[in-house]
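Structural overview for review
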Amino acid sequence: MTRLTRRAGLAGAAATGALASLRSRAAHAATKLQVIWMGWPEGQVKPLMDSFRAAAPEVELQVETIPFVQIFQTLEVRLGARTPDPDIFICDSPLTASYAARGHLLDLTPHLDASRFTKSAIEAASWQGKIYSAPFGSSCPVLFYNKKLLREAGIEPPPADVEKRWTWERLVEAARKLSKPEENRWGFSFEQQERPYMLLPLAQSLGGVALSPDGFKAKGYVDGPAFLEAYSFMQKLYTEWKVSPQGLFDPNLPVEQFGNGKIAMLVAGTFNEATIKTKYPDIELGVAPFPRFEKGKAVTPTGAWHIGVNPRTRNRKEALAFIDHFMSHDLQVLWFELRPYPPVLKSVWEKEAKRFETDMWRIVRYELEHTAVPRPATPGFREYEDILRTALRDITTGADVKATLTAAAQKIDRELEKYKG
Amino acid sequence: MKHGFREPWSIVAWFLAPALLGLALFRLAPIAIALVGGFTGTRLTGETVWVGLRNYRRLVEDPSFWNAVEVTLLYNLIVNPLQIVISFALALLVLRPTPLVPFFRAAYMAPMTVSLSLTSILWAILLEPTMGPVNGLLRSLGLPPQPFWRSEDQALATLIGVASWKGVGYWMVFLLAGLLLVPKELHEAAMIDGAGAAACFRWVTLPLMRRPLAFVLVADTAANFLLFAPVYLITQGGPNGATALLMFEAYQAAFTYLDKGRALAISSVILLVIGVLALLELRFLRERGG
């Protein structure tokens, strides 16, 4: 009896072994898709990838998530090698032109049905009339505030009505009452203290234009009067009025400080709402629109993450299947639930209308239709962004605004030279 | 054995081959690539083209390159002598075998075990102007908080301090090894001849330390010229170019400006400067030896 069982067991084990080796051989034969993805929390990445794995079991997905501060350099190295790796990569929408001009993006025009997407998403995905990246999310920062801190300081909170949005001047007035720098308490901070994404609208509110219309000249734009005025104002937040903590360049830090009640008001992306509510449930969270300058107009940033296909991929069919899956209504709803970026599919806005009946989403919807200005379309956006970012970083720490912007404009023009003709 | 004795050179060659191969592959080849690559550019579509002196011409015309040269030279002019003096002093302090010496030796060497990136992050946090503990300490002592990394005037000095915190223990080990090799008899003989401690140091120790000092000076200079991690992780070359070391410029050229030719040209300049300085340093320490 015992012997029989043991033999049966052995046979069983052998069979399982054979099966396992068969299966591993099958897995080996499966098509492998290399994906480079943003380093969002695993819980916001894995469900999406698992959903594709379930839909296409014959494809083996290898996903690398890279932190925000390294993702652009990593992509430069990997794409610069001009090999089929990665097959798919997450693509910051304003870099679409940069990657497309250098042959790092497959033309998706014949593959995507543009009519399914919002107009601004398709604009952000296009370069010279063709769609090079698949829109995966949009963005719109709002002004979050800590109701309790404002109430305690006797400040009437900023209205959620877009027509009555606060001016930056009004915001500073309130922020000064809320700040105690020596106790590390601050009235206000930007989530992204150095990123042109969040800070260009300051200059644009005063009539500034980010780059010449042909996308090749920064002189007269980046160092023009609107930029000078806007960023002198921004500098005073840190150096003169001392309402913003200096040097929190990692976008997670201001959000964390806001969550801990050290910062009373925060201009930040919509996706932070979920993070703040789950991580800091005690915060009484208020939402208001992105401020404008008193004499200026309302301008908000937009654009966000898209998905690109490496034109050198050996698995075009599977890569396009990945794009299809990620552009499907269901997956985009799942994505919205995981990380609430403003959706890019019209169907999500329509069929999920109930989700968008909050103050925040009413604001976002208005901004995307009326005030959102995409970042300049230039193949040199990577250089533009980084040079301006360094300049803004220096300005927050007290560098001479005019000299810094003039030097930045010169540097940008020098680097844009290579894309002409 | 017999066979080996007849052809000693082939055996030597065989034993050296792995090291020489490594040297060629990991040192000489990259240097050759950088030197040649400095004369090339990359088309948008990825092809490499010969551009002659264009990269160098652009560097010469570029104020941010000259700023980086200035910052790099200033940094090295201060940090190298400083580190050598401190590590020599530390080595002398822990030379005599007194009871607590092993503890101090270990303490000075401890920063060696922390990677440079970790060191950078550690000091970025410690010296964070608003929330960092160092300013907290200053405040509690009634002293004014300092901007450290965030001030154009203090950033380079802070960088020098952090690089030295990490470096001196390491260089101390080499100098300590050198000091331990100085024969005691020479000191004793000098003392008998009436030399004091200062004279002993000046006329016995120092001349015998010329070789380890030369090695440490050259190696330290090279290491400091190639310093990158703290600049990348903490200051990004700022504020306003105050910590823009050449290595960071090279990195930026490659990964931000997407200009490989420029990056390789800057790397070649760094190599050239290190080469010239190393020769000067070796000559300086040799001539005085007589």
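Quick summary incoming for the structure in this document. (Residues numbered from 1 in each chain as written. Chains lettered and ligands numbered in written order. Predicted model: local features only at pLDDT ≥ 70, side-chain atom pairs only at ≥ 80, totals over all residues. Heavy atoms only, no water.)

1. Some thoughts on the interface of chain B and chain A
In this complex, chain B contributes 25 residues to the contact, which on the side of chain A involves 30 residues. Buried surface at the junction of chain B and chain A, summed over both partners, amounts to about 2,400 Å²; 52% is from carbon and sulfur atoms. When residues of chain B are sorted by the area they lose upon contact with chain A, Leu44, Arg150 and Tyr257 of chain B head the list and together hold 28% of the total. For Asp62 of chain B, the salt bridge is made with Arg414 of chain A, and the minimal N-O distance between the two is 2.6 Å. Scanning the region where chain B abuts chain A turns up 10 residue pairs in polar contact (both at pLDDT 80 or more). (Contact = heavy atoms within 4.5 Å. Buried area = accessible area lost by both parts, 1.4 Å probe. Salt bridge = Lys/Arg side-chain N within 4 Å of Asp/Glu carboxyl O. Polar contact = N/O pair within 3.5 Å; in protein donor to acceptor, adjacent residues only side chain to side chain.)

2. What about the pairing of strand 12 (residues 305-309) of chain A?
The side chains of a regular strand alternate between both faces of the sheet. All names here are of chain A. In terms of burial, strand 12 is largely enclosed, as five of its five residues are buried. Across the two faces of strand 12 the burial is the same, with Trp305, Ile307 and Val309 and His306 and Gly308 all buried. Note that strand 6 (residues 134-135) and strand 12 share two bridges and pair antiparallel. Within strand 12, the position partnered with Ala134 by the bridge is Ile307. (Buried < 20%, exposed > 50% of the residue type's maximum accessible area, 1.4 Å probe, protein only. Helix = DSSP H or I, 4+ residues; strand = E, 2+ residues; numbered from the N terminus. Pairing = 2+ DSSP bridges.)

3. Notes on the packing of helix 8 (residues 155-180) of chain B against helix 11 (residues 210-225) of chain B
All names here are of chain B. Two numbers describe how helix 8 lies on helix 11: the axes approach to 10 Å, and their chain directions differ by 160 degrees. When the axis of helix 8 is compared with that of helix 11, the two are roughly antiparallel. Our pair here, helix 8 against helix 11, has a crossing hand that is right-handed. Together, Ala163, Trp171, Phe174, Leu175 and Gly178 of helix 8 and Pro212, Leu213, Phe215, Val216, Ala219, Asp220, Ala223 and Asn224 of helix 11 make up the contact between the two elements. Among the residues making up the contact of helix 8 with helix 11, the classes are represented as 10 nonpolar, two polar and one charged. (Axes fitted to C-alpha atoms, helices over the stretch in contact; angles between N-to-C directions. Parallel < 35°, antiparallel > 145°, perpendicular 65-115°, else oblique. Left-handed = near helix turned anticlockwise from the far one by under 90°. Nonpolar A, V, L, I, M, F, W, Y, C, P; charged D, E, K, R; others polar.)

4. Focus on the packing of aromatic side chains
Enumeration according to the criterion identifies 48 aromatic pairs over all chains in this entry. Geometrically, the ring pair formed by Trp349 of chain A and Trp361 of chain A is edge-to-face, given 6.2 Å between the ring centres and 75 degrees between the ring planes. In this pair, Trp349 of chain A sits in helix 14 (residues 346-351) while Trp361 of chain A sits in helix 15 (residues 359-370), placing the two residues 12 residues apart along the sequence. Side by side, Trp349 of chain A and Trp361 of chain A carry an identical accessibility label, which is buried. With 5.3 Å between their ring centres and 80 degrees between their planes, Tyr170 of chain B and Phe174 of chain B make a pair best called edge-to-face. A residue pair is termed a helical-turn pair when its members lie 3 or 4 positions apart in one helix, as Tyr170 of chain B and Phe174 of chain B do in helix 8 at four residues. Members of the aromatic cluster, connected to one another through ring pairs, are Trp37, Trp40, Phe52, Phe68, Phe72, Phe136, Phe271, Trp305, Phe322, Phe326, Trp335 and Tyr341 of chain A. The ring of Phe117 of chain A has Arg116 of chain A sitting right over it, with the charged end atom 5.8 Å from the ring centre. The ring centre of Trp203 of chain B lies 4.2 Å from the NZ or CZ of Arg202 of chain B, which sits over that ring. (Phe/Tyr/Trp six-rings, centres within 6.5 Å; stacked < 30°, edge-to-face > 60°. Lys NZ or Arg CZ within 6 Å of the ring centre and 35° of its normal.)

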